[in-house]
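Below are the chains, spelled out letter by letter.
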Amino acid sequence: MAVRTCLAIVLAAGEGTRMRSARPKVLHEVTGRSLLAHVLTAVAGIAPSAAAIVIGPGQDEVAAEAKRVLPGATCFVQSERRGTAHAVLAAKAAIEGGADDILIVYGDTPLLRPATLQQLRAPLAEGAAVAVLGFRPAAPSGYGRLVTRNGELMRIVEAADAGPEEKAIGLCNAGAMAFAGDSALAILERIGNRNRKNEFYLTDAVEIARGMNKTAVAVEVEEDDVRGINSKKELAEAEAVAQARLRQAALDAGVTLVAPETVFLSADTTFGKDVVVEPYVVFGPGVSVGDGTVIRAFSHLAGATIGKGASIGPFARLRPGTRLGEGVHVGNFVELKEAKMEAGAKANHLSYIGDAFVGAGANIGAGTITCNYDGFTKQRTEIGEQAFIGSNSALVAPVTIGAGAYVGSGSVITADVPADSLALGRGQQVVKEGWASRLRALKSMVKKKAHGRD
Ligand code: UD1
Ligand code: MG
């Protein structure tokens with residue numbers, strides 16, 4: 001059987017009004033990835049022949065995010081937000097381009113999976129003109145209701161327009177629909193805006209298709225695959241579902257999560273074999289953890305590549321641009337940013353290492369700070385392999401510490417230190433022997449005299 005071609009249209013126009021946010025709704029994030037990126041990743045998973053994304057006027061950030069995730073997609077601008085059917089018709093040129101299936105997905109349903117989208121398309125191959133993804137949410141309130149009779153989908157009633165009987169229907173519109181390419185445009189162009197919100201509802205397509213003697217069907221799936229996000233509460237609920245999925249996947253892949261419910265992952269977090277993650281660790285986007293590494297409690301990581309057998313935390317903060325080689329130790333209250341530490345290097349306590357290179361086996365003493373910022377620009381610190389930086393040193397960048405060199409504790413290093421040398425950048429120590437007992441003798445004599453006068 002020939003593979004059916006598919007045009008995927010993702011609706012992403014609109015502001016963050018109901019989210020009470022200045023940010024466009026679809027750019028809000030779940031597991032460190034925008035809602036739109038989640039949807040587009042699911043769409044990419046079914047390898048559509050073409051993809052169109054409908055954005056609002058001036059939503060350049062949304063267009064940029066779409067291009068980043070799905071470079072082959074074409075963006076169409078919906079000039080005014082006049083409803084989901086109006087939005088689909090903004091991509092009319094793409095529909096006219098022709099495809100066997102037209103798949104329409106809302107940009108605010110981040111939990112969609114490719115398998116769910118394939119399930120939705122399946123009835124089209126059997127002659128249905130419209131297929132709608134349905135689900136039975138625990139709280140159906142704002143969702144459109146699917147009116148079915150004898151297993152057939154009759155129409156969809158939006159919550160705002162539903163009477164009490166329709167509101168009692170448990171089966172709801174998940175916000176993804178598939179149309180047979182040959183009748184899609186004819187159906188879409190008949191949709192009007194006679195409803196309480198004065199909007200062109202995509203959901204009216206069902207009744208219209210039936211009026212044209214075509215079949216519409218509902219494909220029922222689990223709530224957790226299709227939750228729609230219209231508020232911060234729903235965003236948080238989707239986050240919880242997505243976190244549970246990521247934790248389960250990590251456990252299935254053999255990661256030891258001592259207290260899984262306290263660990264927060266990103267959609268792109270990757271783990272090697274035999275990794276242990278202690279409680280209360282947050283993985284922001286862009287973290288990969290090598291085999292046998294232990295991430296100890298209360299650490300926060302983002303944009304970090306960690307090699308094998310490393311030990312991180314407790315209370316470590318790895319910021320973007322951190323790259324750690326095999327066996328690196330990063331201990332408590334150590335912050336790294338744009339920093340590469342090579343195999344076996346250690347920074348065990350209370351340090352800030354930013355815009356830096358730390359060679360293999362180097363030891364960064366407690367309280368070492370790379371002073372990388374002069375108020376205007378960032379400067380680099382280079383620390384050679386096997387170098388030893390004494391505690392409480394300030395390395396004022398740009399500066400290079402040669403291989404095997406020592407920096408004395410408490411130094412402020414402002415000039416390069418050659419390999420194998422010792423640099424001291426602190427006041428010379430002065431010792432006065434017997435000084436303390438002479439002081440005590442003097443002070444007690446003065447005190448006695450004063451009392452004697454009384
Ligand atoms: C919609 C459905 C509802 C369904 C729910 C599932 C309609 C009329 N209603 O309601 O039946 O239960 O989704 O989550 O379709 N958008 C545009 N342009 C517009 C309007 C919307 O691009 O003019 C985009 C939005 O960015 C969003 C998506 O379409 O990603 C859905 O719009 P939204 O306002 O969230 O619709 P719901 O009220 O959730
Ligand atoms: Mg919605």
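Residues numbered from 1 in each chain as written. Chains lettered and ligands numbered in written order. Predicted model: local features only at pLDDT ≥ 70, side-chain atom pairs only at ≥ 80, totals over all residues. Heavy atoms only, no water.

Another aspect to go through is the site of ligand 1. Around ligand 1 there are 24 residues in total, and Ala-13, Gln-78, Tyr-106, Glu-158 and Asn-173 lie nearest to it. At 2.9 Å, a side-chain N or O of Asp-108 approaches an oxygen atom of ligand 1. With respect to ligand 1, the backbone of Asn-173 contributes an N or O atom lying 2.6 Å from an oxygen atom. Protein burial of ligand 1: of its 760 Å² of free accessible surface, 96% is covered by the chains. (Near = heavy atom within 4 Å. Polar contact = N/O pair within 3.5 Å; in protein donor to acceptor, adjacent residues only side chain to side chain. Areas by Shrake-Rupley, 256 points an atom, 1.4 Å probe, with all protein chains shown as cover.)

Residues Tyr-280, Phe-298, Phe-315, Phe-333 and Leu-350 make up a contiguous nonpolar surface patch of about 540 Å² in total accessible area. Relative to the elements of secondary structure, Leu-350 occurs in strand S24 (residues 346-358). Look at Leu-350 and you get partly exposed, because its relative accessible area is 49%. (Patch = residues over 30% accessible without salt bridge, like charges linked within 9 Å, V, L, I, M, F, W, Y side chains within 5 Å. Salt bridge = Lys/Arg side-chain N within 4 Å of Asp/Glu carboxyl O. Helix = DSSP H or I, 4+ residues; strand = E, 2+ residues; numbered from the N terminus. Buried < 20%, exposed > 50% of the residue type's maximum accessible area, 1.4 Å probe, protein only.)

All right, on to helix H7 (residues 181-188) then. Within the sequence span of H7, burial applies to Ser-183, Ala-184, Leu-185, Ile-187 and Leu-188. In this fold, the buried residues of H7 make contact with helix H3 (84-90), helix H4 (92-96), strand S6 (101-106), strand S7 (130-135), strand S10 (172-180) and helix H8 (205-211). (Contact = heavy atoms within 4.5 Å.)

Enumeration over the complete set of coordinates arrives at six aromatic pairs. Centroid distance Phe-135 to Tyr-143: 4.9 Å. Interplanar angle 90°. Geometry classified as edge-to-face. There is no split in this pair, since Phe-135 and Tyr-143 are both buried. Ring plane angle 20° and centroid distance 5.0 Å describe the contact between Phe-388 and Tyr-406, whose orientation is recorded as stacked. Taken together, the positions of Phe-388 in strand S28 (residues 388-389) and Tyr-406 in strand S31 (residues 406-407) put the pair 18 residues apart, joining distant regions of the chain. What makes Phe-388 partly exposed here is its relative accessible area of 32%. Here the aromatic cluster, defined as three or more aromatic residues joined through ring pairs, consists of Tyr-280, Phe-298, Phe-315 and Phe-333. Over the aromatic face of Tyr-373 sits the side chain of Lys-378, whose NZ or CZ is 5.1 Å from the ring centroid. (Phe/Tyr/Trp six-rings, centres within 6.5 Å; stacked < 30°, edge-to-face > 60°. Lys NZ or Arg CZ within 6 Å of the ring centre and 35° of its normal.)

Summed over the entire model, instances satisfying the criterion amount to 21 salt bridges. Arg-317 serves as the salt-bridge partner of Glu-335, at 3.9 Å between the closest nitrogen and oxygen. Of this pair, Glu-335 sits in strand S23 (residues 329-341) while Arg-317 sits in strand S21 (residues 317-318), and the two are 18 residues apart along the sequence. Judged by relative accessible area, which is 40%, Arg-317 ranks as partly exposed. Taken together, the salt bridges that share partners define one network made up of Glu-223, Asp-224, Arg-227, Lys-233 and Glu-237.

Here the domain parsing of the chain yields domain 1 (6-226) and domain 2 (244-423). Both sides together, the interface formed by domain 1 and domain 2 hides about 470 Å², and carbon and sulfur atoms give 48% of it. Run the count over domain 1 and domain 2 and you get one salt bridge. Asp-225 serves as the salt-bridge partner of Arg-245, at 2.7 Å between the closest nitrogen and oxygen. Linking domain 1 with domain 2 are four residue pairs in polar contact (both at pLDDT 80 or more). (Domains from an automatic or database assignment. Buried area = accessible area lost by both parts, 1.4 Å probe.)

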